[in-house]
Every structure is written in C-alpha cells, then in structure tokens.
Amino acid sequence: MEHLDLLIIGGGPIGIACGLEAQKKGLRYVIIEKGPIVNSLFNYPINMQFFSSSEKLEIDEIPFISKEAKPKRNEALEYYRRIVTSNKLSIQLFEQVTEVHKNSTGFTVISDKHSYTAAHIIVATGFYDLPNRINVPGEDLPKVSHYYKDPHFYASQKLAVIGASNSAVDAALECYRKGADVTLIIRGSEVGQRVKYWVRPDIINRIKEGSIKAYFNAQVTEIRETELTIDTPEGDIVLENDFVLALTGYMPNFEFLQKLGIILSDDKKKLPQYDPETMETNVEGLYLAGVICGGMETHKWFIENSRVHAKIIIKAILKKNSARVGA
Ligand SMILES: Cc1cc2nc3c(=O)[nH]c(=O)nc-3n(C[C@H](O)[C@H](O)[C@H](O)COP(=O)(O)OP(=O)(O)OC[C@H]3O[C@@H](n4cnc5c(N)ncnc54)[C@H](O)[C@@H]3O)c2cc1C
C-alpha cells in the first residue's frame with residue numbers, strides 16, 4: 001500500500017476541509033470516517049437549524065446556498081456531501097480508526113478494516129460521540145436518551161428534558177409543539193445565555209405561561225420506569241415520566257487522544273497541547289483540527305471559527321516538506 005503524505009481521522013466538516021486543501025496542494029491523502037459523510041451532523045436532530053449563517057459554514061469559499069439565512073441540518077448534509085462527491089475527495093466511510101503508532105517514517109494507522117502508513121496525521125474527530133453522563137441510577141434505562149432526533153416520537157408522552165443549552169431548549173420547544181407534556185430540568189438558575197437569541201425568548205415565554213414546566217436549581221437524582229425524582233430547592237419532587245432526554249452536552253474522546261500520545265492539561269478543561277501557529281501537537285507530525293481542539297470547552301470551537309485549521313495545517317506540512325527537500 002502506498003505511503004500517504006497525510007491521513008485525516010474524521011470526515012466531519014473540518015476533516016473534509018482538510019482533505020480538500022490537501023487535494024488542492026497535491027498531497028496524497030485519505031480521510032477515514034467511521035460513519036457516513038459528516039456523521040455528527042447526520043445524527044443531529046432532524047429539524048435542527050444552525051446558529052451560523054450559511055456563508056460562515058462554507059469550506060474554501062464554495063458557496064452554500066440555503067433557503068433561510070441560517071441553514072437547516074438537511075441543507076448542510078447536502079452541502080458537505082456535494083463537496084465530497086463533486087471534488088472526488090479520497091474518503092473511506094464506515095471505517096473506524098482504532099490505533100495510531102509512531103515510527104521512523106511517520107505513522108502506522110490501524111482501522112477496523114485496513115492499515116495505512118502516513119507521514120502526517122490530522123485528528124478531526126469532534127466531540128459528538130460521548131455524552132456527558134448525569135451519573136444517576138436509571139440513566140441506562142431504554143427510555144433515557146442523550147441524543148434527540150424527532151419530536152413525533154414524544155407526542156402525548158410525559159417527557160423530561162434535562163439541560164439548559166441549545167439542544168435541550170430546541171428539543172423542549174419542538175416536543176411541546178408536537179403535543180408532549182414537557183418538563184425542563186435545569187441545574188442553574190436560568191435558561192443558558194448561549195441559547196440562540198431568537199429562541200431564548202420563546203422558551204422563556206413558554207415557561208412563564210406554564211405551557212412547559214421548568215424546575216431551576218434542580219437535578220435529577222433517580223430515574224425509574226414510570227417516574228423520576230428531582231432534587232429542588234423546595235425538596236425532592238417525584239414526577240410521572242415516560243421518557244427522558246438528558247441533553248447535557250458532549251465531550252471529545254480523551255482516551256483516544258491520550259493513546260496517540262497527546263498531552264492534555266491536567267485541569268478540568270483537559271485542553272490538548274498544540275501549537276496554534278501550525279496546529280501540530282506535542283507529537284511531531286500529528287495535528288488537531290476542528291472542535292476537538294477545545295477539550296472540555298466544547299463551545300469554544302465550531303465550524304465557523306475552526307474551518308481555517310485546514311489551511312493552517314496544510315501550509316505547515318508543505319513548509320516542513322520543502323524544508324526536508326531543501327536540507
Ligand atoms: C446541535 C448542534 C448545533 C450546532 N450548530 C453549529 C452552528 O450553527 N455553527 C457552527 O459553526 N457549529 C455548530 N455546531 C458545532 C458543529 O457541529 C461542530 O463545530 C462541527 O460538527 C465540528 O466539525 P468537526 O469536523 O470538528 O467535528 P465533527 O463534525 O464532530 O466530525 C468528527 C467526525 O469524526 C468521526 N470520528 C470520530 N472518531 C473517529 C474514529 N476513531 N475513526 C474515524 N472517524 C471518527 C465522527 O464520526 C465525525 O463524523 C453545532 C453542534 C451541535 C451539537
């Protein structure tokens with residue numbers, strides 16, 4: 001098998017941006033993606049609307065035309081799919097990278113289907129695979145989910161939504177409008193300040209008028225088949241319950257990063273070590289791109305501000321290659 005210049009782990013928007021840039025600069029590369037093209041976006045709620053306007057989600061200034069200023073999930077799926085297929089990007093789908101070993105010529109990468117060798121690696125694996133668990137008894141019951149897809153499922157059901165951010169608020173509003181009996185359980189004292197500015201007044205007003213019940217400064221302490229218990233400032237409350245959406249955020253796969261030798265800060269942010277000028281980590285030849293760069297600060301990087309990583313990294317790789325040729 002040919003020795004690659006670059007292997008990109010993750011075929012999300014940023015992995016794809018890296019592949020496109022590598023192709024433009026004539027590098028031999030492959031993107032390995034464990035699911036379909038832009039797997040994380042594929043798994044987002046079906047009616048999800050981005051907070052970014054479509055031009056801010058564009059890769060390499062390829063126009064992203066959407067019906068409204070803020071595109072919907074299905075429009076983004078179509079946009080990124082067209083980037084992959086129209087440019088004939090080299091991408092292996094439904095293939096998961098399991099191991100990366102450093103050697104004298106670069107890296108050996110092992111997936112669940114093949115093995116590869118490459119001089120450079122980009123890790124663009126995002127953060128959507130691992131939910132932040134709430135760690136209470138009953139969390140693993142089949143009625144509990146950490147991912148929300150479609151409001152139809154919850155019609156006429158007693159639904160508890162845990163969380164106060166965009167995902168929780170979108171789910172609560174959509175399900176309420178499809179006839180679910182929604183209770184929002186919020187750990188802090190208010191709806192998250194980062195909730196989309198055009199959605200926040202909507203949820204606040206639904207709570208005020210009593211259409212959606214909300215408990216603030218409250219935490220679920222146990223989930224059972226037909227009810228759950230929440231700890232509130234007024235004491236424990238037991239609610240009848242059919243389904244729970246625990247939408248308390250997601251985190252990068254830190255175990256995978258550490259297995260690759262990447263150093264993480266030892267505070268709760270778990271920031272991976274990399275040089276912001278090149279995106280190269282403490283492991284020579286291994287780069288980070290996209291939202292993975294933020295560690296536990298998953299709101300810090302998004303498509304809008306991390307799509308530049310592609311050009312930064314490919315430039316750094318080309319510079320290294322030309323220094324080697326010149327040496
Ligand atoms: C509900 C929601 C709304 C959002 N709205 C916006 C928005 O409006 N604007 C914005 O800029 N950002 C938004 N974001 C964030 C945005 O989705 C992410 O910034 C974006 O997906 C990051 O792209 P990425 O390529 O870094 O990671 P991802 O899109 O997460 O891609 C990582 C890919 O790596 C793959 N992968 C993981 N591990 C492996 C492995 N071992 N082997 C092979 N493949 C692997 C995954 O399957 C995935 O496809 C939103 C996020 C969420 C959850």
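First, a word on what this report is: a plain description of the structure on this page.

The rules behind these values
- Residues numbered from 1 in each chain as written.
- Predicted model: local features only at pLDDT ≥ 70, side-chain atom pairs only at ≥ 80, totals over all residues.
- Heavy atoms only, no water.
- Salt bridge = Lys/Arg side-chain N within 4 Å of Asp/Glu carboxyl O.
- Helix = DSSP H or I, 4+ residues; strand = E, 2+ residues; numbered from the N terminus.
- Buried < 20%, exposed > 50% of the residue type's maximum accessible area, 1.4 Å probe, protein only.
- Contact = heavy atoms within 4.5 Å.

## A look at the pattern of salt bridges
Thought 1: Under the criterion given, the structure shown has 21 salt bridges.
Thought 2: The closest approach of N and O atoms between Arg-206 and Glu-209, which form a salt bridge, is 2.8 Å. Of the two residues, Arg-206 and Glu-209 are both situated in helix H5 (residues 200-209); the distance of three residues between them amounts to about one turn of the helix.
Thought 3: By relative accessible area, which is 16% here, Arg-206 ends up buried.
Thought 4: Residue classification places Glu-209 among the partly exposed residues on the basis of a relative accessible area of 47%.
Thought 5: The residue Glu-222 makes a salt bridge to Arg-224 at a minimum N-O spacing of 3.5 Å.
Thought 6: Residue classification places Glu-222 among the partly exposed residues on the basis of a relative accessible area of 32%.
Thought 7: Because the salt bridges share partners, they merge into one network encompassing Glu-21, Lys-24, Asp-60 and Lys-311.

## Examining the environment of Gly-285
Thought 1: Residue position: Gly-285 is located in the loop between helix H6 (254-259) and strand E17 (286-288).
Thought 2: Since its relative accessible area comes to 4%, Gly-285 is described here as buried.
Thought 3: Distance from Gly-285 to His-120, taken between C-alpha atoms, is 4.8 Å for residues 165 residues apart in sequence.
Thought 4: Those residues in contact with Gly-285 that lie beyond four places of it in its chain are Phe-107, Ala-119, His-120, Ile-121, Glu-280 and Lys-320.

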